[in-house]
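Descriptive structure summary
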There are 4 protein chains.
Amino acid sequence: MDVSIIGSTGYGGMELTKLLHKHPNARISSLHSDSAAGQMLSEIYPHTDGVTDMLLRPVESDWIVANSDIVLLATPSGVSSRLALDFVDKKHPVIDLSGDFRFMDEKLYEKWYQKKSAPYRYLKEFTYQIPEFFKKTANSRFISNPGCYATAVLLGLAPLVQNNLIEETIIIDAKSGLSGAGKSLSQSSHFVNAHDNMTLYKANQHQHIPEITQQLTAWSATYDKIQFSTSLIPVSRGIFCTMYVQLREKKSVDNLHDIYQQTYLNKKFVRIQPKERLPDLKQVVGSNYCDIGMVYNEKTNVLMIVSVIDNLIKGAAGQAIQNLNLFAGFPEDDGLDLVPSYF
Amino acid sequence: MDVSIIGSTGYGGMELTKLLHKHPNARISSLHSDSAAGQMLSEIYPHTDGVTDMLLRPVESDWIVANSDIVLLATPSGVSSRLALDFVDKKHPVIDLSGDFRFMDEKLYEKWYQKKSAPYRYLKEFTYQIPEFFKKTANSRFISNPGCYATAVLLGLAPLVQNNLIEETIIIDAKSGLSGAGKSLSQSSHFVNAHDNMTLYKANQHQHIPEITQQLTAWSATYDKIQFSTSLIPVSRGIFCTMYVQLREKKSVDNLHDIYQQTYLNKKFVRIQPKERLPDLKQVVGSNYCDIGMVYNEKTNVLMIVSVIDNLIKGAAGQAIQNLNLFAGFPEDDGLDLVPSYF
Amino acid sequence: MDVSIIGSTGYGGMELTKLLHKHPNARISSLHSDSAAGQMLSEIYPHTDGVTDMLLRPVESDWIVANSDIVLLATPSGVSSRLALDFVDKKHPVIDLSGDFRFMDEKLYEKWYQKKSAPYRYLKEFTYQIPEFFKKTANSRFISNPGCYATAVLLGLAPLVQNNLIEETIIIDAKSGLSGAGKSLSQSSHFVNAHDNMTLYKANQHQHIPEITQQLTAWSATYDKIQFSTSLIPVSRGIFCTMYVQLREKKSVDNLHDIYQQTYLNKKFVRIQPKERLPDLKQVVGSNYCDIGMVYNEKTNVLMIVSVIDNLIKGAAGQAIQNLNLFAGFPEDDGLDLVPSYF
Amino acid sequence: MDVSIIGSTGYGGMELTKLLHKHPNARISSLHSDSAAGQMLSEIYPHTDGVTDMLLRPVESDWIVANSDIVLLATPSGVSSRLALDFVDKKHPVIDLSGDFRFMDEKLYEKWYQKKSAPYRYLKEFTYQIPEFFKKTANSRFISNPGCYATAVLLGLAPLVQNNLIEETIIIDAKSGLSGAGKSLSQSSHFVNAHDNMTLYKANQHQHIPEITQQLTAWSATYDKIQFSTSLIPVSRGIFCTMYVQLREKKSVDNLHDIYQQTYLNKKFVRIQPKERLPDLKQVVGSNYCDIGMVYNEKTNVLMIVSVIDNLIKGAAGQAIQNLNLFAGFPEDDGLDLVPSYF
């Protein structure tokens, strides 16, 4: 399968390139970047020399349609919404990593992203697809890949929400490494500011909130609001997501553990931790795993769930490859059999 | 005022030395360390050469009583409980930075610290003293200095609890730098493990829990339980404490802000942030400040409070000096007029 | 003494503010910043609230001359050269922290800085002043403060060069934290690039080279060239400078140690390490110290010298205060009695 | 090919496990660790669960000889010397990653390692093998894998030394991440000490010195001494090695560049950088590359060479796999086609 990547020089695009380099059944047929067209990738990223180096081509949809089987959009929100249209018109398969096709509702998008939405007739062509809950549909040719925070949150809450176990408010305290904010320059990503620091930003205003509640209510109508905090911690990669929920009724630890294991039976990339063990961030960084642990407090009837992912892999490029595998009928872990780097 | 420090080579002891070096009304008369007695401090810590260097003496209570006006115990829990007794017997003023004299209840201590408690007749001599809520008492000669997490939590919750505004469960998600765990060696503090990582430890089992609930219930009997998580983030110093509480009734942001400002009127070391602004960690590191910000979610009626401190200063040595100043009748900020380092 | 600071919101300016806050004989009378005039400092840097907060005023030389006794220019190279002229004309004392007044030669400046030089008649008013080698001169009203790398290098080499002990080439391998590059934004200072990385930049092309050789040849005409490498390491503050020189003749370790101690006799801010001990970076960060250690290799007759400083203090603001103290006749360590932070 | 690993739970052993997991022609048949025998690897390293997890077996040479084709010793110096003997006696192939079989001289080993050497009759069975300079010999069944610093240095100097271009002293200023010191606990690897710090240790006393000079003199008898400094920088992985040499005669940049390219023609894992470009550390971390750049200073006739590697891959486990591939006749990059992680 020939794959074109648009937005090749961003963090997401680079990670796609790295993962596809080892994919047994798909290969990168072309890299595209309007800002860097004509350059070799290694001129910008010397580390790719001799490994994943390739010419960066301009973004020309006709050329791409003619020369690849699928296109991966690793472009920022506000860009995908424009670039995807041609491919949809030409019925050329697309997986979009941005937030632009995650809603069926132009207004909702425009409220949270403060950008012009793609028209509804294109939105409805897309399927928002968490691969662990994938069901083949007519639309699966156009896939909207979940956001990084949304992935960690939804995989962490799914067993509880699908079984309707939570009473009221869901409190989410998510921490992300700096790569989550992309490579654009700002004082908040300046080393001197970010190093030795922790910052909480966009409290209850992060654009992944409607994406999360849309999916939660699809699972169980009650859960239409969340308390959502996002912080930056001084690491490059990884999301450490802590969630607090009050249970409708007291549960045993064994029972809760069973529910989680049941939900992710045969889901290779979700690793439910042994009882009472919580994952640390590093045990997933460099891999496509989402590791989930939980601790139940009998006194307060609060269940704390910790869900960790590599934001650039399971939270972006890895999940996109997983969706590509499902789309193409490849084994789900093609190109994703990664050992976390740990050290 | 002549001050002796016991436990001089630990992080807390070193910070006391640094702060007292600039104190206008108190001076270090002697440093004590059983493990390093006979050495100069600079043999262990070359950075002190020519500034705060001094001979390290053995821990001999008679000598100390004869040669200083007050003794600061920067010794670990389980050590203070033994060392303090002599000074209490001799009515020599003590400020203890460990957890050993924070409860009036031997059993409670032994349950949470898994160590032998000091006898009750000594416990009752001590006052647990948050300087912002200081009231001179008969016991103020023996002061138990609050723990680092407890300081961040209690200052962050005091306005709400004292005014009885919280409904039910208090959820606390606290993150600390590695110095919080002290200088003893373990895999979890090895650079290769801690760097680029985040770990949640002792969920609902941290020994600061009873200290927090003891004070909360002293303020308002209802608040006898908390949900408490403690994590390590890859910084050396600082606690970033995020708290989530459901309010009994809806409040305006202005109203909440007023309540906080009222509580800390004329309290120099607590800086309530402007409305809707949350502090970052670095804005207090290197200083004795506790900065507090909050964001109210009208939808969920959840108030999120963020409280940040330097764990070694406001969470330990700085607060101890603040308590010393109150004890001695010095201006509260003697030796504590510190500009956060920030860069 | 009333001090005005121009360029108050850069790293150097902020550090000046912090140091002068504790100065017993000088005080900040005004802060100036063209880009931020009209704002309070705490609007940009919340950590200054209640401590060093002040109104930021526009840069108006008449006002400044009327309202202060001396002006500190913490402005970038290319800006000082323009701003300083008025003050020189008005004979208002200036300490400039930029590279703009370090040479007596317009061409030399323009070659290395790629910027227009201040006119020679202004250059000659300035004295390049390493406080450890200060001699009061007619010009000492206008002081050019040494650069950060130059400080670490010159203090490390002075004993050898002044005594003419080095044969041939001097090899300097200097490493700096990210604050050395200032707060302007670039990919190289983006957290994701700088973290977990090390980069060598401007090999033999750094603008501190002519400043170093100018001083070396002033001490001993032979030393007119150096091999000079500058690297970024993932810390915020500090310069770790390793220098390798071949000695003219074999020397004993004792002898070399004596020469260093002799040179810095009664120089409080240079701490020669015990024989065979090398300083680490942290033992000076947060202080005005320059710590120097050396190891002699009898086999190769190479002496390795390690010199460490805090680039923002001894390499910039601290040294400027030291120069101000010398100018004003204050004790040399006024405002500079700082304990390295270490933890 | 069935591979046994001894010392499986150290950094080197873990990296071998990770690399062999993706090897097309070799597989791990067993992991061995005396200290952890009987446990699953994932009990110690949860990140391996479901990927590289395996039972840890005791170190029993008979069992290993019977159940694998080759044994990789990822044990510390002083342990390999003892464990390897049995395998040599039984003519079972060994690749040893420690320093124990790098010399043909017991005394030399004992001087630098301060440990008992393996007997000479075993030493002489081993070949010290830099894969880039591999020539099949009778002994190639017992391979001693080069040390991490030695690898970076020797690959960086080979073109110059083999062509006899250097005049006199070679100055090496090498910096390493903390994983270089292994997982054992010490104050120097405690996060609070290593973070925000840089330390120079073992100046001219590092045990890789004789390994380097042994190889240099094998290439050209003149180069029997080096000036060698090793530092720790606050990263987990990577060696950044800066070398300074005076050339015998002036050379053009083009000429020097040609010599390097010629030496490494068809050597996939050495990437000579474009002229005047220096590699940064991150461009090799996570890969088996050694990237080399250089800058020539016409004024001083000094050539500076920068050589960067991932100390755990090219400096240990990756190089061992490369040696295994050469031994077994597999393609040299089997299991080593790794894209540097970069972000």
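Scoring rules and cut-offs
Position numbers for residues count from 1 along each chain, tracking the sequence in the order it is written. All chains are assigned letters beginning with A, and all ligands numbers beginning with 1, in the order in which they are written. Local features are withheld for residues below a pLDDT of 70 in this predicted model, meaning they are given only at 70 or higher, and side-chain atom pairs are given and counted only at 80 or more; totals for whole chains, interfaces and linings count all residues. Each side-chain value is worked out from all heavy atoms of the structure, with water and hydrogens disregarded. Centres within 6.5 Å make a pair out of two Phe, Tyr or Trp rings, where for Trp the six-membered ring is used; the pair is then stacked when the planes are under 30 degrees apart, edge-to-face when over 60, and tilted otherwise. Under the DSSP-based scheme used, a helix requires at least four consecutive residues in state H or I and a strand at least two consecutive residues in state E, with every element numbered from the N terminus. The classification of residues rests on relative accessible area computed with a 1.4 Å probe and restricted to protein chains. Under 20% of the type maximum is buried, over 50% is exposed, and intermediate values are partly exposed. By definition, being over a ring means that NZ of Lys or CZ of Arg is both within 6 Å of the ring centre and within 35 degrees of the ring normal. All copies are superposed by least squares; the fitting set is the C-alpha atoms of residues with a pLDDT of at least 70 in both. The contact criterion used is simple: two residues touch if any of their non-hydrogen atoms lie within 4.5 Å. Accessible-area loss on putting two parts together, using a 1.4 Å probe and summing over both, is the definition of buried area adopted here. The term salt bridge refers to a pairing of a side-chain nitrogen on Lys or Arg with a carboxyl oxygen on Asp or Glu at a separation within 4 Å. Here a polar contact means two N or O atoms within 3.5 Å. Within protein one must be a hydrogen donor candidate and the other an acceptor candidate, and residues neighboring in sequence count only if both atoms are side-chain atoms. Under the convention adopted here, Pro, Cys and the residues Ala, Val, Leu, Ile, Met, Phe, Trp and Tyr are nonpolar, Asp, Glu, Lys and Arg are charged, and Gly plus all remaining residues are polar. UniProt positions are given in the numbering used here, feature names are shortened, and annotations may be inferred rather than shown by experiment. Whether two strands pair comes down to DSSP finding at least two bridges between them. The convention used is that axes are lines fitted to C-alpha atoms, helices contributing only their stretch in contact, and that angles between N-to-C directions extend from 0 to 180 degrees. Taking the helix axis as origin, the arc is that swept by the directions to the C-beta atoms. The domain boundaries here were taken from an automatic or database domain assignment.

Labelled according to an unreviewed UniProt entry, chain A appears under the name N-acetyl-gamma-glutamyl-phosphate reductase, originating from Vagococcus elongatus.

Another point: the packing of aromatic side chains. In the structure shown here, the tally under the stated rule is 50 aromatic pairs over all chains. Ring geometry for Phe101(B) and Phe126(B): centres 4.1 Å apart, planes at 20°, overall stacked. Taken together, the residues span a long stretch of sequence, with Phe101(B) in the loop between strand E5 (94-96) and helix H5 (106-113) and Phe126(B) in the loop between helix H6 (120-123) and strand E6 (127-128) at a distance of 25 residues. Judged by relative accessible area, which is 3%, Phe126(B) ranks as buried. The interplanar angle of 10° and the centroid separation of 4.6 Å between the aromatic rings of Tyr109(C) and Tyr113(C) together place this pair among those described as stacked. Of the two residues, Tyr109(C) and Tyr113(C) are both situated in helix H5 (residues 106-113); the distance of 4 residues between them amounts to about one turn of the helix. For the pair Tyr109(C) and Tyr113(C), one class covers both residues: buried. Three or more aromatic residues link up through ring pairs in this structure, and these residues are Tyr11(A), Tyr45(A), Tyr342(D) and Phe343(D). A cation sits over an aromatic face here: Lys282(A) above Tyr342(A), 5.6 Å from the ring centre.

Of the transformation superimposing chain B on chain A, the axial component is 0.0 Å and the angular component is 180°, with the fit at an RMSD of 0.0 Å. Taken together, the rotation and translation relating the two chain copies correspond to the operation of a two-fold axis. Of the interface residues in chain B, 100% have counterparts in chain A that sit at the interface too, so the contact is made through matching surfaces.

Glancing now at the interface of chain D and chain C. The partner chain C presents 41 residues to the 41 residues of chain D that form the contact. Together, the buried faces of chain D and chain C total about 3,500 Å²; carbon and sulfur atoms form 60% of this surface. Ranking the residues of chain D by area buried against chain C places Met198(D), Tyr244(D) and Lys282(D) at the top, with a combined share of 16%. At the junction of chain D and chain C, the tally comes to 2 salt bridges. Among the ionic pairs, Asp173(C) bridges to Lys175(D), the shortest N-O distance being 3.4 Å. Scanning the region where chain D abuts chain C turns up 24 residue pairs in polar contact (both at pLDDT 80 or more). Considering every element that reaches the side of chain D that touches chain C, the biggest residue donor is strand E8 (residues 166-176) of chain D, with 6 residues. A class-by-class count of the residues in the side of chain D that touches chain C yields 20 nonpolar, 13 polar and 8 charged.

Time to look at the UniProt feature "active site" (unreviewed entry) in chain A. All names here are of chain A. Within the UniProt annotation, "active site" (unreviewed entry) is assigned to Cys148. Assignment of secondary structure puts cysteine 148 in helix H7 (residues 148-162). When sequence neighbours within four positions are dropped, the list of residues in contact with cysteine 148 reads His208, Ile239, Ile309, Asn311 and Gly315.

Taken together, the contacts link 41 residues of chain B with 41 residues of chain A. Interface of chain B and chain A: buried area, both sides summed, is about 3,500 Å²; carbon and sulfur atoms make up 60% of it. Three residues stand out in chain B for area buried against chain A, namely Met198(B), Tyr244(B) and Lys282(B), and they jointly supply 17% of the buried area on that side. At the junction of chain B with chain A, the criterion picks out 2 salt bridges. Across the contact surface, chain B and chain A share 24 residue pairs in polar contact (both at pLDDT 80 or more).

For the rest of this paragraph, the subject is the environment of Glu60(D). Checked against the element boundaries, Glu60(D) lands in the loop between strand E3 (56-57) and helix H3 (61-67). Between the C-alpha atoms of Glu60(D) and Phe142(D), which are 82 residues apart in sequence, the distance is 19 Å.

Sheet strands pair via backbone hydrogen bonds, and the direction of the pair is either parallel or antiparallel. Residue and element names in this part refer to chain B. Taken together, the 7 strands give an open sheet; going across it, the order is E9-E10-E8-E11-E14-E13-E12, and neighbouring strands pair in mixed fashion. Unpaired on one side and paired on the other, strand E9 (199-201) and strand E12 (270-272) mark the two borders of the sheet. Across the sheet, the axes of successive neighbouring strands diverge by a mean angle of 20°, strand direction being ignored. Sheet topology places strand E13 (residues 290-297) next to strand E14 (residues 302-309); 8 bridges connect them, and they run antiparallel. The partner of glycine 293 across the bridge, within E14, is valine 306. The strands touched by helix H9 (residues 208-219) within the sheet are strand E8 (166-176) and strand E10 (226-232), with E10 carrying the most contacts at an inclination of about 140°.

Take the pairing of strand E14 (residues 302-309) of chain D next. Residue and element names in this part refer to chain D. Of all the 8 residues making up E14, 8 are buried; the element is thus mostly covered by neighbouring parts of the structure. Because side chains alternate across E14, one face comprises the buried residues Val302, Met304, Val306 and Val308, and the other comprises Leu303, Ile305, Ser307 and Ile309, equally buried. As paired strands, strand E11 (residues 239-247) and E14 are joined by 8 bridges and run antiparallel to one another. Each residue of the ladder has a partner; that of tyrosine 244, found in E14, is methionine 304. Counted along the chain from strand E13 (residues 290-297) to the antiparallel partner E14, the turn is 4 residues long, and its residue asparagine 301 has a positive phi close to 60°.

Moving on to the relation of the copies chain D and chain C. Overlaying chain D on chain C yields an RMSD of 0.0 Å, the required transformation being a rotation through 180° with an accompanying axial translation of 0.0 Å. A shared binding surface is used by both copies, with 100% of the interface residues of chain D retained as interface residues in chain C.

A few words now on helix H10 (residues 253-263) of chain C. Residues and elements named next belong to chain C. All of the buried residues in H10 are Leu256, His257, Ile259, Tyr260 and Thr263. All buried residues of H10 fall inside an arc of 155° around its axis, so they share one side. Taken together, the buried residues of H10 touch helix H7 (148-162), strand E11 (239-247), strand E12 (270-272), strand E13 (290-297) and strand E14 (302-309).

Turning next to the domain arrangement of chain A. Residue and element names in this part refer to chain A. You can read the domains of chain A as domain 1 (2-125) and domain 2 (149-310). Here the C-alpha centroids of domain 1 and domain 2 sit 27 Å apart. The interface is formed by 12 residues belonging to domain 1 together with 13 residues belonging to domain 2. A combined buried area of about 990 Å² lies between domain 1 and domain 2, and 59% of that area is made up of carbon and sulfur atoms. A per-residue breakdown of the area domain 1 buries against domain 2 is headed by Tyr11, Arg102 and Trp112, which together make up 57% of the total. In this structure, the connection of domain 1 to domain 2 is made through 2 salt bridges. Run the count over domain 1 and domain 2 and you get 5 residue pairs in polar contact (both at pLDDT 80 or more). Elements with a contribution of two residues or more to the side of domain 1 that touches domain 2: helix H1 (11-21) and helix H5 (106-113). Per-class residue counts for the side of domain 1 that touches domain 2 are 7 nonpolar, 2 polar and 3 charged.

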